[in-house]
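The primary structure of each chain is shown beneath.
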Amino acid sequence: LAKHPEIKALMKPDYNLIWVVVLMVLAQLTAFYLVKDLDWKWVIFWAYVFGSCISHSMTLAIHEISHNSAFGNSKAMWNRWFGIFANLPLGLPYSISFKRYHMDHHRYLGGDGIDVDIPTNFEGWFFCTRFRKFIWIVLQPFFYAIRPLCINPKPITRLEVINLLAQLSFDVVIYYLWGVKSTFYMLAGSVLGLGLHPISGHFIAEHYMFLKGHETYSYYGPLNLLTFNVGYHNEHHDFPNIPGKSLPLVKKIAAEYYDNLPQYNSWIKVLYDFVMDDTISPYSRMKRQLKGEVKQD
């Protein structure tokens, strides 16, 4: 910032995010209706080919909303309510809890017992062969769901209860209106999209140390178009209050700080290398023992 104070001008809400999220919700509602009478093979096909992409993209829209990118920091609660709305087509309550834990990830990156993005000791010990690492990738949604309960359980808040009740009500309405195939499409798309899927490469690309000494990596490939530029991950951790839309400008303005860092151009290759490289495992993360006062959401 001292060298490039113009970056401060990028620290503002991205109001286009609101309309993008609304259109994504409408797209999924349309898909729920269209799959209700299809054969099961086509329900499964479209859940993976289309629903999974929208669902994973929506989790990254929720990531943006967790940083108050939709309405700005001055309207934090508007962002929380909007996150609950964006959560609806995923089928599983996610938004409010994600925000609480994700802020810890930024404040205490790699903090032992705090950052639940760090795999558990069991994950590192058990998923150590190529086949087991492949299974670990498939089961990533499961581990992301249960890991907070194992590493850093937090008291349930009123907003989390509202998120849960809103989600259950939405799911019941979808089942009542369009039946089991639409409900399956919704839930399967979320699970498949966060598991063995090209976009899921970002889970591993962001912080797994393929090169020792480098714990955060950026990805500059085309899938950023579907993921609100989450691939610009060094830039995001440097400036978490800048919306994803503007992160390419951060890289352009401060190119001397980013161009020479290790980076990726393929999330599919990241997944392949993670499975096939015997020196990489869920243990390949920087882990820190935190000192001093720790403040959590």
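The rules behind the values
Residues numbered from 1 in each chain as written. Predicted model: local features only at pLDDT ≥ 70, side-chain atom pairs only at ≥ 80, totals over all residues. Heavy atoms only, no water. Helix = DSSP H or I, 4+ residues; strand = E, 2+ residues; numbered from the N terminus. Rg over C-alpha atoms; globule rule 2.2 N^0.38 Å. Buried < 20%, exposed > 50% of the residue type's maximum accessible area, 1.4 Å probe, protein only. Contact = heavy atoms within 4.5 Å. Areas by Shrake-Rupley, 256 points an atom, 1.4 Å probe, with all protein chains shown as cover. Bend = angle between axes of the 7 residues up to and from the residue. UniProt positions renumbered as here; feature names shortened; annotations may be inferred.

## With respect to the overall build of the chain
Next up, step 1: Check the secondary structure of the chain and you find 14 helices and two strands.
Next up, step 2: Taking 2.2 N^0.38 as the reference for a compact globule, 297 residues should give roughly 19 Å; the C-alpha atoms of the chain span a radius of gyration of 19 Å, in line with that estimate.
Next up, step 3: Considering only C-alpha atoms, the chain reaches an extent of 55 × 45 × 40 Å along its principal axes.
Next up, step 4: Out of the 297 residues belonging to the chain, those deemed buried represent 52%.
Next up, step 5: Restricting to contacts in the chain with at least 6 residues of sequence separation, those with at least 24 account for 76%.
Next up, step 6: Per element, the accessible surface of the chain, about 14,700 Å² overall, is 67% carbon and sulfur.

## Things to note about helix α2 (residues 40-66)
Next up, step 1: Considering bend angle alone, the principal kink of α2 is centred on Gly51 and spans about 45 degrees.
Next up, step 2: Asn68, located one to two residues past α2, shows a positive phi value of around 60 degrees.

## Structural notes on the UniProt feature "transmembrane region" (unreviewed entry) in the chain
Next up, step 1: UniProt's entry tags residues 17-35, 42-61 and 81-98 with the feature "transmembrane region" (unreviewed entry), counted in the numbering of this structure.
Next up, step 2: Annotated as residues 81-98, this span is 61% helix and 0% strand, and its ends, taken at the C-alpha atoms, are 14 Å apart.

## Concerning the environment of Asp117
Next up, step 1: By the secondary structure assignment, Asp117 is in the loop between α4 (95-107) and α5 (121-126).
Next up, step 2: For the pair Asp117 and His105, spaced twelve residues apart in sequence, the C-alpha separation works out to 7.0 Å.
Next up, step 3: Beyond its immediate stretch of four places on either side in the chain, Asp117 contacts His105, Tyr144, Arg147, His207 and Arg285.

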